[in-house]
Amino acid sequence: MSQQARQLQILKLFQQQQGAYLSGAEISRVLGVSRTAVWKHIEQLRSLGYRIEAVTARGYRLHGSPDLLLPAEIRTELETEVIGRELVYFAETDSTNDRAHALAREGAVEGTVVIAEAQKAGKGRLGRHWVSPPGVNLYASIVLRPSIAPRQAPQLTFLSAAAVARAIAEMTRLRPTVKWPNDVLLSGRKVAGLLNELDAETERIRYLVLGIGININMTADQFPADLRYPASSLALETGSTVSRRLLTCALLRQLDKLYALYLEQGFEPILQAWQDYFDLTGQQVEVSEQAGICRGRVLGLDGEGALLLRLADDSVKRILAGDVRPL
Amino acid sequence: MDIKDIKVLVKLVTQTDITEFELENGDQKLVIRRGSAPVVTAIPAPVINPVQQTPAPFVPTSAAAPEAAPEMPVKSATEGCEKVLSPIVGTFYRSPSPESESYVEVGSVVEKGQILCIIEAMKLMNEIEAEFKCKVVKILKENAEVVEYGETLFLVEAL
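What you see is a predicted model, and the numbers here were worked out from it, not measured in a lab.

**Student:** I'd love a proper account of the overall build of chain B, names of residues and values included.
**Tutor:** Secondary structure summary: chain B contains one helix and 11 strands in total. By the burial criterion, 35% of the 159 residues in chain B qualify as buried. Here the analysis covers contacts within chain B between residues at least 6 apart in sequence; of these, 54% occur between residues at least 24 apart. Accessible surface, chain B as shown: approximately 9,100 Å² in total, 54% of it carbon and sulfur.

Here you go:
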């Protein structure tokens, strides 16, 4: 058993004690390690930020947890069917998407969730960097293996965006909006980004990775000055710290619900869930595409999720890719 | 294109619900038509159940007019070359980021599983890998060009 697994087991024992003392002898019996080893694990948990009190003849007592995203902490509140079936945790990694790819290639089950407290090489679109300081945000990647055709896979972008928007609404009581097709905003500033990656044969999906980054308790000084789009965090928008653990549980729950709905009823209800947070219908926008910039009024989305614009010459333009900004 | 190729194509077309098929290759043009009036029917997307124990019934959810299912992206022999087709509608990228080098150039020899390009659709990045060891003979799309489902991206020669 790894050191991390032992620490998680100790945390689980503390949770079962519900604030009562737990003797070192009991811990060493359950874990099958020496009392000295138990003491070392307790010291390591303390260094992670757990406040553990030790009283002679009574044992250890947990009376304060840092807001970490350890699997043992997440699992207690999860209540999901598929998403989070397996939870893989890193204190720090290169990129959760890259870890999820590696696990999926080795056969990780559908619903495997990779979470990291920090990313050294957080990925954005097309080689861009996702700023990932430790301990303040959520960086998660989810492995899915839906039995759909590869050309339907882009639909999952709307699914993860809707799940993120719902989780943020649930936790903050604020009204997030979605920027077509995938970013989630609060007061017009980006608080979450998605990077979904597909591994498919010509007609079969091997797996899909949903990458989700949410700025939760990031402070203003942690944002780089040269961001492409104005950004914020849930804490900056609400004015108070948000529990990362509860937000993570809320997100995985929403993903679980929407994914079950998608497999059962297809894309339509997912698109509807997404549209609950879309506020640009009827608005004038500017879309920068590869080919150039166009302006028009948003008519809505078609059944595939493409953006429909009414241009100045009254024609309707169907947009599949581009950066949308309200005018 | 010789008579053997045409035979293969006719067989391919008749095995599907495609009523009309056109292929242009240099100065050659081949048209295969079936039946009198073209009948357009909605065909459910192929349901493939790789690892799920309880396969969910799945219906394509296009709200647009139903169209005949395009030919599945298969690799068909064309003058000793094989085609690499796009599995989705999206934007074709030859490199992982605008600053980095292209994954492949004409003449590149790639191993099975090596990345040829990325197709992006709705912010979903789809890395297209070589399905066998091959040499890139032709790159048919420009970087950042929009590609359709089933369109040819590369001509490659199996090695």
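Back to the write-up after that little detour.
**Student:** Lay out the domain arrangement of chain A in plain terms, naming residues and giving numbers.
**Tutor:** Accessible area lost during the coming together of the parts is what is often quoted as the interface size. Residues and elements named next belong to chain A. Examined at the domain level, chain A breaks down into domain 1 (3-64), domain 2 (71-275) and domain 3 (284-326). A straight line from the C-alpha centre of domain 1 to that of domain 2 covers 32 Å. Domain 1 puts five residues into the contact, and the matching count from domain 2 is five residues. Counting across the domain 1 and domain 2 interface gives zero salt bridges. For the side of domain 1 that touches domain 2, a count of residues per class yields three nonpolar, two polar and no charged.

**Student:** Mind laying out the environment of glutamate 73 of chain A, listing which residues take part and the relevant values?
**Tutor:** Residue and element names in this part refer to chain A. Along the chain, glutamate 73 falls in helix α4 (residues 71-75). Apart from the residues lying within four places of it in its own chain, the contact partners of glutamate 73 are Leu11, Gln15, Tyr50, Ser65, Leu68 and Arg245. One polar contact links glutamate 73 to tyrosine 50, side chain to side chain, over a distance of 2.8 Å.

**Student:** Requested: an account of the pattern of salt bridges, with residues and values cited.
**Tutor:** Counted under the stated rule, the structure contains 26 salt bridges over all chains. Across the pair glutamate 105 of chain B and arginine 94 of chain B runs a salt bridge whose closest N-O atoms are separated by 2.9 Å. In this pair, glutamate 105 of chain B sits in the loop between β5 (90-93) and β6 (109-110) while arginine 94 of chain B sits in the loop between β5 and β6, placing the two residues 11 residues apart along the sequence. Residue classification places glutamate 105 of chain B among the partly exposed residues on the basis of a relative accessible area of 43%. Three or more residues joined by partner-sharing salt bridges are found here, namely Asp199, Glu201, Arg204 and Arg206 of chain A together with Glu129 of chain B.

**Student:** Residues and numbers for the pairing of strand β7 (residues 183-186) of chain A, please.
**Tutor:** As a general feature of sheets, a regular strand has side chains that alternate between the two faces. Residues and elements named next belong to chain A. Alternating positions in β7 separate into two faces, Asp183 and Leu185 on one and Val184 and Leu186 on the other, with burial throughout. Adjacent in sequence and paired antiparallel, strand β6 (residues 177-179) and β7 are bridged by three residues. Pairing geometry for β7 and strand β8 (residues 189-200), over three bridges, is antiparallel. The residue bridging valine 184 from the neighbouring strand is alanine 192, located in β8. If you look at the hairpin formed by β7 and β8, you'll find two residues sitting between the two strands, and serine 187 has a positive phi there, around 45 degrees.

**Student:** Run through the nonpolar core, naming residues and quoting values.
**Tutor:** By size, the foremost hydrophobic cluster in this structure holds 93 residues, and its most contacted members are Trp180, Ile214 and Leu255 of chain A. If one sorts the elements of this core by residue count, helix α6 (residues 155-172) of chain A sits on top with 11 residues. Those residues in contact with leucine 255 of chain A that sit more than four places away from it in its chain are Ile83, Ile142, Leu159, Ser160, Ala163, Leu210 and Ile212 of chain A. Grouped together as the second largest cluster of nonpolar side chains are 18 residues, Cys117, Ile119, Val147 and Val156 of chain B included.

**Student:** Explain the side chain of threonine 152 of chain B residue by residue, including any values.
**Tutor:** Residues and elements named next belong to chain B. Considering the arrangement of structural elements, one finds threonine 152 in strand β11 (residues 152-158). Classification of threonine 152 by relative accessible area gives buried; the value is 18%. The contacts of threonine 152, once residues within four sequence positions are left out, are Lys83, Val84, Leu85, Leu140 and Lys141.

**Student:** Go over the environment of leucine 138 of chain A with me, naming the residues and quoting the values.
**Tutor:** All names here are of chain A. Residue placement: leucine 138 occurs in strand β5 (residues 138-144). Given the relative accessible area of 0%, leucine 138 is considered buried. For the pair leucine 138 and tyrosine 277, spaced 139 residues apart in the sequence, the C-alpha separation amounts to 21 Å. Those residues within four positions of leucine 138 in sequence are excluded, and the remaining contacts are Leu69, Ile115, Ile212, Gly213, Ile214, Ile216, Thr248 and Leu251.

**Student:** Residue-level account of the sheet that holds strand β13 (residues 316-319) of chain A, with values.
**Tutor:** Residue and element names in this part refer to chain A. The antiparallel open sheet is built from five strands, whose spatial order is β13-β12-β11-β10-β14. Two strands in the sheet have a free side with no partner beyond their single neighbour: β13 and β14 (323-326). Within this sheet the neighbouring strands show an average axis-to-axis angle of 45 degrees, counted without direction. When strand β10 (residues 284-289) meets β14, the two strands line up antiparallel, connected through four bridges. Within β14, the residue paired with serine 288 across the bridge is aspartate 323.

**Student:** Please provide a residue-by-residue account of the packing of aromatic side chains, values included.
**Tutor:** This structure, assessed with the given rule, holds four aromatic pairs over all chains. Centroid distance phenylalanine 92 of chain B to phenylalanine 154 of chain B: 5.9 Å. Interplanar angle 55 degrees. Geometry classified as tilted. Of this pair, phenylalanine 92 of chain B sits in strand β5 while phenylalanine 154 of chain B is found in strand β11, placing the two residues 62 residues apart along the sequence. Phenylalanine 154 of chain B matches phenylalanine 92 of chain B in its accessibility class, with the two residues each being buried. Each member of the aromatic cluster is reached from another via a ring pair, and the members are Phe158, Phe267, Trp274 and Phe278 of chain A. The aromatic ring of tyrosine 229 of chain A is capped on one face by lysine 179 of chain A, whose charged end is 4.6 Å from the ring centroid.

**Student:** If you had to explain the side chain of glutamate 237 of chain A to someone new, which residues and values would you point to?
**Tutor:** Residue and element names in this part refer to chain A. When you line up the elements, glutamate 237 lands in helix α7 (residues 234-238). Here the side chain of glutamate 237 touches serine 232 through a polar contact of 2.6 Å, side chain to side chain. Discounting chain neighbours no more than four positions away, the residues touching glutamate 237 are Leu174, Leu186, Ser187, Arg189 and Ser232.

Thresholds, definitions, all that
- Residues numbered from 1 in each chain as written.
- Chains lettered and ligands numbered in written order.
- Predicted model: local features only at pLDDT ≥ 70, side-chain atom pairs only at ≥ 80, totals over all residues.
- Heavy atoms only, no water.
- Helix = DSSP H or I, 4+ residues; strand = E, 2+ residues; numbered from the N terminus.
- Buried < 20%, exposed > 50% of the residue type's maximum accessible area, 1.4 Å probe, protein only.
- Contact = heavy atoms within 4.5 Å.
- Areas by Shrake-Rupley, 256 points an atom, 1.4 Å probe, with all protein chains shown as cover.
- Domains from an automatic or database assignment.
- Salt bridge = Lys/Arg side-chain N within 4 Å of Asp/Glu carboxyl O.
- Nonpolar A, V, L, I, M, F, W, Y, C, P; charged D, E, K, R; others polar.
- Polar contact = N/O pair within 3.5 Å; in protein donor to acceptor, adjacent residues only side chain to side chain.
- Pairing = 2+ DSSP bridges.
- Core = buried A, V, L, I, M, F, W, Y, C linked by side-chain atoms within 4.5 Å.
- Axes fitted to C-alpha atoms, helices over the stretch in contact; angles between N-to-C directions.
- Phe/Tyr/Trp six-rings, centres within 6.5 Å; stacked < 30°, edge-to-face > 60°.
- Lys NZ or Arg CZ within 6 Å of the ring centre and 35° of its normal.

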